[in-house]
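Overview (structure and organization)
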Amino acid sequence: MRLIILGPPGAGKGTQAGRIADHYGIPAISTGDIFRANIKNETELGLKVKEILASGGYVDDEITNAIVADRLAEEDASPGFLLDGYPRTTAQVEALDGILATSDSSIDKVLELVVDDEVVVGRLLKRAEVEGRVDDTEDVIRERMAIYHRETKPLSDAYEARGLLVRVDGEGDVDVVAERIVAALGA
C-alpha cells in the first residue's frame, strides 16, 4: 500500500504514521525526521534546513523532492510506504507522480487528519515544552499554520478530485484516532 498522510503540523501525523506503517508492514517516511537528522548531524543540508525552519518556512521543493526520490528508491519502500510531510505543494504532487511513474506505481490512498487550528497550536506548544523544540514558538507555529492553509491544504482538493482522499477526525485519544484511520482505510 502506498499512502500519504496529510494534516497541519501537530495534527498527530507522526504518531499515527508509525501505527499505520506497522499495520501495513511498510516504512513510514517522514521528511521532517530526515531534516531533523541532518540538523542534528550538522550536515550542509541540516544547516540550511535549520535556518529555514527557525523562520517558520518550509524547505524548498528541489531539496525535498530529491530526498524523497532517494528514499523511495530504497528496497524497503518497494512494496509500499507511508509519506508523512510530503507532498506539501501541488508542485510536489507532480514531482511525486513523476517519481512513482518511473516504477509504474501510484498512490493508493491519501489520509487527511482534520484537527482544529487552536487544538494544533496547543499541542505544539506543549510538545515544545516537553521535547525542547526550539522551532515550536507560538509565532512560528502560527506562521506554519498560515503556510499550511495557503499552500498545502489545496492538496486535499486535488486528491479528493482523484478519488483518493479519506478524511479522519484527528482529535481525541490516540488509540481512538488510530481505530478511525483503520476503519476509514478499510483494512
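Overview of the structure. This structure is a prediction, so every number in the text was calculated from the model and none was measured. (Residues numbered from 1 in each chain as written. Predicted model: local features only at pLDDT ≥ 70, side-chain atom pairs only at ≥ 80, totals over all residues. Heavy atoms only, no water.)

**Brief notes about the overall build of the protein**
Scanning the protein for helices and strands turns up 9 helices and 5 strands. Against the compact-globule benchmark of 16 Å for 187 residues, the protein has a radius of gyration of 16 Å, which places it among compact chains. Counting only C-alpha atoms and orienting by the principal axes, one finds that the protein spans roughly 40 × 40 × 30 Å. In the protein, 73% of the contacts between residues at least 6 apart in sequence involve partners at least 24 apart. A total accessible area of about 9400 Å² is found for the protein, and carbon and sulfur atoms account for 50% of it. Separation of charge centres in the protein, based on 21 positive and 36 negative side chains, amounts to 2 Å. (Helix = DSSP H or I, 4+ residues; strand = E, 2+ residues; numbered from the N terminus. Rg over C-alpha atoms; globule rule 2.2 N^0.38 Å. Contact = heavy atoms within 4.5 Å. Areas by Shrake-Rupley, 256 points an atom, 1.4 Å probe, with all protein chains shown as cover. Lys, Arg positive; Asp, Glu negative; His and termini not counted. Charge placed at Lys NZ, Arg CZ, Asp CG, Glu CD.)

**Section: the packing of helix 6 (residues 117–131) against helix 7 (residues 138–152)**
Two elements in contact, helix 6 and helix 7, have axes whose closest approach is 10 Å; the angle formed by their N-to-C orientations is 140°. Taken together, the axes of helix 6 and helix 7 are oblique relative to one another. Helix 6 and helix 7 meet at a crossing whose hand is right-handed. Judged by residue contacts, Asp117, Glu118, Val120, Val121, Leu124 and Leu125 of helix 6 engage Glu138, Ile141, Arg142, Met145 and His149 from helix 7. (Axes fitted to C-alpha atoms, helices over the stretch in contact; angles between N-to-C directions. Parallel < 35°, antiparallel > 145°, perpendicular 65-115°, else oblique. Left-handed = near helix turned anticlockwise from the far one by under 90°.)

**Some remarks on empty space enclosed by the protein**
Enumeration according to the criterion identifies 1 cavity of 30 Å³ or more in this entry. Considered as a void within the structure, the largest cavity measures approximately 50 Å³ in volume. Surrounding the largest cavity, Ile5, Leu6, Gly7, Lys13, Gly85, Tyr86, Pro87, Arg88, Tyr148 and Thr152 form its lining. For the lining of the largest cavity, the secondary-structure elements that each account for two or more residues are strand 1 (2–6) and helix 7. Residue classes in the lining of the largest cavity are distributed as 5 nonpolar, 3 polar and 2 charged. (1 Å grid on protein atoms, 1.4 Å probe; cavity = no way out; pocket = protein on both sides within 12 Å on 5 of 7 lines; lining within 4 Å. Points joined across faces, edges and corners; volume = space filled by probe spheres on them. Nonpolar A, V, L, I, M, F, W, Y, C, P; charged D, E, K, R; others polar.)

**Quick word on the pairing of strand 4 (residues 109–114)**
Here strand 1 runs beside strand 4; their pairing, made up of 4 bridges, is parallel. Residue Leu6 lies in a different strand from strand 4, and its bridge partner there is Glu112. Pairing of strand 4 with strand 5 (residues 165–169), which is carried by 5 bridges, proceeds in the parallel orientation. Bridge assignment links Val114 to a residue of strand 5, and that residue is Asp169. (Pairing = 2+ DSSP bridges.)

**Points about the layout of surface pockets**
Taken as a whole, the largest pocket holds about 990 Å³ of empty space. Along the walls of the largest pocket sit 44 residues, with Gly10, Lys13, Gly14, Arg36 and Arg127 positioned nearest its centre. When residues of the lining of the largest pocket are traced back to their parent elements, those giving at least two are helix 1 (13–24), strand 2 (28–30), helix 2 (31–40), helix 4 (61–72), helix 6, helix 7 and helix 9 (174–185). Broken down by element, the lining of the largest pocket gets its largest block of residues, 6 residues, from helix 1. Considering only residue class, the lining of the largest pocket consists of 13 nonpolar, 16 polar and 15 charged. By volume, the second largest pocket amounts to about 210 Å³. Lining the second largest pocket, in full, are Arg36, Ile39, Lys50, Leu53, Ala54, Arg133, Val134 and Asp135. Of all the secondary-structure elements, those providing two or more residues to the lining of the second largest pocket are helix 2 and helix 3 (44–54). A total of 3 residues in the lining of the second largest pocket trace back to one element, the largest contributor, which is helix 3. In terms of residue class, the lining of the second largest pocket is made up of 4 nonpolar, no polar and 4 charged.

**Comments concerning the nonpolar core**
Core analysis: the biggest nonpolar cluster contains 21 residues, and Ile20, Leu82, Leu111, Leu113 and Ile181 have the highest contact counts within it. Those elements that place two or more of their residues in this core are strand 1, helix 1, strand 4, helix 6, helix 7, strand 5 and helix 9. Every residue in contact with Ile20, bar those within four places of it in the chain, is listed here: Leu3, Ile5, Leu82, Leu111 and Ile181. By size, the runner-up hydrophobic cluster in this structure holds 19 residues, among which are Val68, Val110, Tyr159 and Leu165. (Core = buried A, V, L, I, M, F, W, Y, C linked by side-chain atoms within 4.5 Å. Buried < 20%, exposed > 50% of the residue type's maximum accessible area, 1.4 Å probe, protein only.)

**What to know about the environment of Ile181**
Tracing the backbone shows Ile181 in helix 9. Judged by relative accessible area, Ile181 falls into the buried class, the value being 1%.

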